[in-house]
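Chain by chain, the residues:
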Amino acid sequence: MIHQTEATRDKIINIAEALFIENGFADTQMKDIATATGMSRNTLYRYYQDKYDLGFAILVVVLTRKIGVYEGIIGNIKARHYSSIHEGLGVLMNAYSDLQYADDDRFIAEFDGYYAGSRIPTEFRDKLTQLLPDTVSQSLTDIVALGQTEGSIRNDIPAAYLAVTLFNAVPTFFRRMLLRRDALMEIEQDAIPQLTPVLIQLLLDGMKPSPQL
């Protein structure tokens, strides 16, 4: 039995993520990853039993990294480091589309695109929830509710609905722009980087309370 090390796991994850991003999740095989890491397929399979197992491990690493960023901003919002909850949510939504983490978002998009619909493993949600407790989603709901109380966020829609919409709308749109950057038919290619900021502005405007008549 081969002795497994965290250093080797990290090496596999880093190289595999880069290959998945470069070549696509569907077109990258375990043999490609074994070659790139300089190990035999048998050794690779001792660490990860199949491509899904490896992809899931990468997903956990990537989400953990991004959640750490989000939780830091959410903590600042709760500590009232911004003039209003509404302003703080703008900072958070911009973090959802930070180009510093574009490779992570490309991987998430590749993984989500491959494991969609009937391909989603039955244990996926429970396993991910076990490894990554849904603290960000609840914290986001809490700060939206605080914003409704202070008056900077509209209160005619439940806080949980607003929170889950924000948490999905910006990252999903941003990842689509990353993947379709060379093939988006609706607009010129050089305008694509401006579209996610437009979406964020629309969402922020839509979260403001309606003016009293």
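Residues numbered from 1 in each chain as written. Predicted model: local features only at pLDDT ≥ 70, side-chain atom pairs only at ≥ 80, totals over all residues. Heavy atoms only, no water.

*Asks:* So what's going on with the packing of aromatic side chains? Which residues, and what values?
*Replies:* In this structure the tally under the stated criterion is 16 aromatic pairs. With a centroid separation of 5.8 Å and an interplanar angle of 85 degrees, the aromatic rings of F56 and F124 are classed as edge-to-face. Separated by 68 residues along the polypeptide, F56 in helix α4 (residues 51-78) and F124 in helix α7 (residues 124-131) bring together distant segments of the chain. For F56, a relative accessible area of 3% gives the class buried. Between Y96 and F167, the aromatic rings sit 5.8 Å apart at their centres with planes inclined by 80 degrees, giving edge-to-face as the arrangement. Of this pair, Y96 sits in helix α5 (residues 85-96) while F167 sits in helix α9 (residues 159-179), and the two are 71 residues apart along the sequence. Through successive ring pairs, a cluster of aromatic residues spans F20, F25, Y52, F56, F107, F111, Y114, Y115 and F124. (Phe/Tyr/Trp six-rings, centres within 6.5 Å; stacked < 30°, edge-to-face > 60°. Helix = DSSP H or I, 4+ residues; strand = E, 2+ residues; numbered from the N terminus. Buried < 20%, exposed > 50% of the residue type's maximum accessible area, 1.4 Å probe, protein only.)

*Asks:* Please set out the nonpolar core residue by residue, giving values where relevant.
*Replies:* Looking at soluble globular proteins, one finds that nonpolar side chains tend to be buried together. Formed by 56 residues in total, the largest nonpolar core has its most connected members in I33, L54, L89, L92 and F107. Tallying contributions element by element places α4 first for this core, with 14 residues. (Core = buried A, V, L, I, M, F, W, Y, C linked by side-chain atoms within 4.5 Å.)

*Asks:* Any chance you could break down the packing of α4 against α7 for me, citing the residues and the numbers?
*Replies:* Running from N to C, α4 and α7 cross one another at 40 degrees; their axes reach a closest spacing of 11 Å. In terms of their interaxial angle, α4 and α7 are classed as oblique. Where α4 crosses over α7, the two elements pack in a sense that is right-handed. Contacts from Y52, D53, F56, L59, V60 and L63 in α4 reach F124, K127, L128 and L131 in α7. A per-class count over the contact of α4 with α7 returns 8 nonpolar, no polar and 2 charged. (Axes fitted to C-alpha atoms, helices over the stretch in contact; angles between N-to-C directions. Parallel < 35°, antiparallel > 145°, perpendicular 65-115°, else oblique. Left-handed = near helix turned anticlockwise from the far one by under 90°. Contact = heavy atoms within 4.5 Å. Nonpolar A, V, L, I, M, F, W, Y, C, P; charged D, E, K, R; others polar.)

*Asks:* I'd like a description of helix α8 (residues 135-150), backed by residues and values.
*Replies:* Taking 1.5 Å as the rise per residue, α8 with 16 residues should run 22 Å; its terminal C-alpha atoms sit 22 Å apart, in good agreement. Looking at α8, one finds that the buried residues are V136, S139, L140, T141, I143, V144, G147 and Q148. Positive backbone phi, at 100 degrees, marks G151, one or two positions downstream of α8. (Expected span 1.5 Å × (residues − 1).)

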